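# Chain and residue survey
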Amino acid sequence: GAGVSQSPRYKVAKRGQDVALRCDPISGHVSLFWYQQALGQGPEFLTYFQNEAQLDKSGLPSDRFFAERPEGSVSTLKIQRTQQEDSAVYLCASSPPGQGGFEAFFGQGTRLTVV
Amino acid sequence: QQQVKQSPQSLIVQKGGISIINCAYENTAFDYFPWYQQFPGKGPALLIAIRPDVSEKKEGRFTISFNKSAKQFSLHIMDSQPGDSATYFCAASPNTDKLIFGTGTRLQVFP
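The present account deals with the structure reproduced in this document. (Residues numbered from 1 in each chain as written. Chains lettered and ligands numbered in written order. Predicted model: local features only at pLDDT ≥ 70, side-chain atom pairs only at ≥ 80, totals over all residues. Heavy atoms only, no water.)

### Concerning the overall build of chain A
If you tally the helices and strands in chain A, you get 0 helices and 11 strands. In sequence order, chain A lays out its α and β elements as β-β-β-β-β-β-β-β-β-β-β. Taking 2.2 N^0.38 as the reference for a compact globule, 115 residues should give roughly 13 Å; the C-alpha atoms of chain A span a radius of gyration of 13 Å, in line with that estimate. Taking the principal axes of the C-alpha coordinates as reference, chain A spans close to 40 × 25 × 25 Å. Relative to its 115 residues, chain A shows a buried fraction of 48%. Taking the intrachain contacts of chain A between residues at least 6 apart in sequence as the baseline, contacts between residues at least 24 apart amount to 52%. Averaged over its 11 positive side-chain charges, chain A has a centre that lies 9 Å from the centre of its 11 negative ones. (Helix = DSSP H or I, 4+ residues; strand = E, 2+ residues; numbered from the N terminus. Rg over C-alpha atoms; globule rule 2.2 N^0.38 Å. Buried < 20%, exposed > 50% of the residue type's maximum accessible area, 1.4 Å probe, protein only. Contact = heavy atoms within 4.5 Å. Lys, Arg positive; Asp, Glu negative; His and termini not counted. Charge placed at Lys NZ, Arg CZ, Asp CG, Glu CD.)

### Remarks on the overall build of chain B
If you tally the helices and strands in chain B, you get 0 helices and 11 strands. From first element to last, N terminus to C terminus, chain B shows the α and β order β-β-β-β-β-β-β-β-β-β-β. The C-alpha atoms of chain B give 13 Å as radius of gyration, which agrees with the globular expectation for 111 residues (13 Å, within 12%). Principal-axis analysis of the C-alpha atoms places the extent of chain B at approximately 40 × 30 × 20 Å. Across the 111 residues of chain B, 46% fall into the buried class. Contacts in chain B between residues far apart in sequence, at least 24 positions, make up 52% of those at least 6 positions apart. Taken as a whole, chain B presents about 5400 Å² of accessible surface, with 48% of it coming from carbon and sulfur. (Areas by Shrake-Rupley, 256 points an atom, 1.4 Å probe, with all protein chains shown as cover.)

### Here's the deal with the interface of chain A and chain B
Interface extent is often summarised as the accessible area lost during association of the parts. Every contact between the two is made by 21 residues of chain A and, on the other side, 18 residues of chain B. Summing the contributions of chain A and of chain B, the shared interface buries around 1600 Å²; its carbon and sulfur component is 54%. Notably, a salt bridge pairs D56 of chain A with K98 of chain B, separated by 3.5 Å at the nearest N-O pair. Linking chain A with chain B are 6 residue pairs in polar contact (both at pLDDT 80 or more). Secondary structure elements with two or more residues in the side of chain A that touches chain B: β4 (31-37) and β5 (44-50) of chain A. Here the side of chain A that touches chain B gets 3 residues from one element, more than from any other, and that element is β4 of chain A. Residues belonging to the side of chain A that touches chain B are distributed by class as follows: 9 nonpolar, 9 polar and 3 charged. (Buried area = accessible area lost by both parts, 1.4 Å probe. Salt bridge = Lys/Arg side-chain N within 4 Å of Asp/Glu carboxyl O. Polar contact = N/O pair within 3.5 Å; in protein donor to acceptor, adjacent residues only side chain to side chain. Nonpolar A, V, L, I, M, F, W, Y, C, P; charged D, E, K, R; others polar.)

### Focus on the sheet that holds strand β6 (residues 56-59) of chain B
Strand pairing in a sheet takes place through backbone hydrogen bonds and is either antiparallel or parallel in direction. Residues and elements named next belong to chain B. Reading across the sheet, the 5 strands line up as β1-β3-β8-β7-β6 and stay open at both edges, with antiparallel pairing between neighbours. Each having just a single partner strand, β1 (4-7) and β6 make up the two edges of the open sheet. Along the sheet, successive strands turn relative to each other by an average axial angle of 15 degrees, direction set aside. Relative to strand β7 (residues 62-67), β6 runs antiparallel, the two being bridged by 4 bridges. In the sheet register, K57 faces β7, and the bridge partner there is I64. (Pairing = 2+ DSSP bridges. Axes fitted to C-alpha atoms, helices over the stretch in contact; angles between N-to-C directions.)

### What about the sheet that holds strand β1 (residues 5-7) of chain A?
Residues and elements named next belong to chain A. Spatially, β1-β3-β8-β7 is the arrangement adopted by the 4 strands of the open sheet, whose pairing is antiparallel. In this open sheet, the two strands that pair with only one neighbour each are β1 and β7 (65-68). Averaged over neighbouring strand pairs, the angle between their axes works out to 15 degrees when direction is ignored. Where β7 and strand β8 (residues 75-79) come together, 4 bridges link them in antiparallel fashion. By the bridge assignment, A67 is partnered in β8 with L77.

### Let's talk about unusual backbone geometry
The peptide bond linking S7 of chain A to P8 of chain A adopts the cis configuration, its omega dihedral lying at -10 degrees. Within the secondary structure layout, P8 of chain A lies in the loop between β1 and β2 (10-13). Cis geometry marks the peptide bond from S7 of chain B to P8 of chain B; its omega dihedral reads -5 degrees. Checked against the element boundaries, P8 of chain B lands in the loop between β1 and β2 (10-14). Non-glycine residue N51 of chain A carries a positive phi angle of around 55 degrees. Residue position: N51 of chain A is located in the loop between β5 and β6 (53-56).

The following block contains the structure:
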């Protein structure tokens, strides 16, 4: 595909359930980012990968949040024991070599609703 | 702690008018300032960006003005069109790989 692909587009989870959100970055992009966007707010940084290495996870709000990118391509954001405050759009972005976060291309996001 | 403050929260402009959105930052380590455009149900898309070594950058109808001493930067959309109606986010990067976003401005351009 031409752009960053995220799945599922929508996810409804019962409180306490575990969820896994997938991101397929643009082919050849070594940097991958996860952001959380609450309703009516700007995206907030969660974590950053360069290839398979997670270089920054300072934005993950709790130890219930876990991200991985084992082969340096597809990434998964996992949220354990979901809470209502986890309801948000989760955005994935990737950027080409040498750009870091500067020229980041975003996917359409996964809207997570915890009920 | 909000590191990038954006205003106004919403903006209504008539077609052909100028839309102006302002942002202010606190961290002098920021060295990259992009603007993103987001349509409903879509991810943000990079519109235009500037580094602090220049005071202005223009791309088509979009211009960033940057005031390093005041720690402020703004987006000007000339000849605003209904298709420009979207939410605009300023952002800043502290020479690392994360972007710190403002809270967004919802722009509506009426014909």
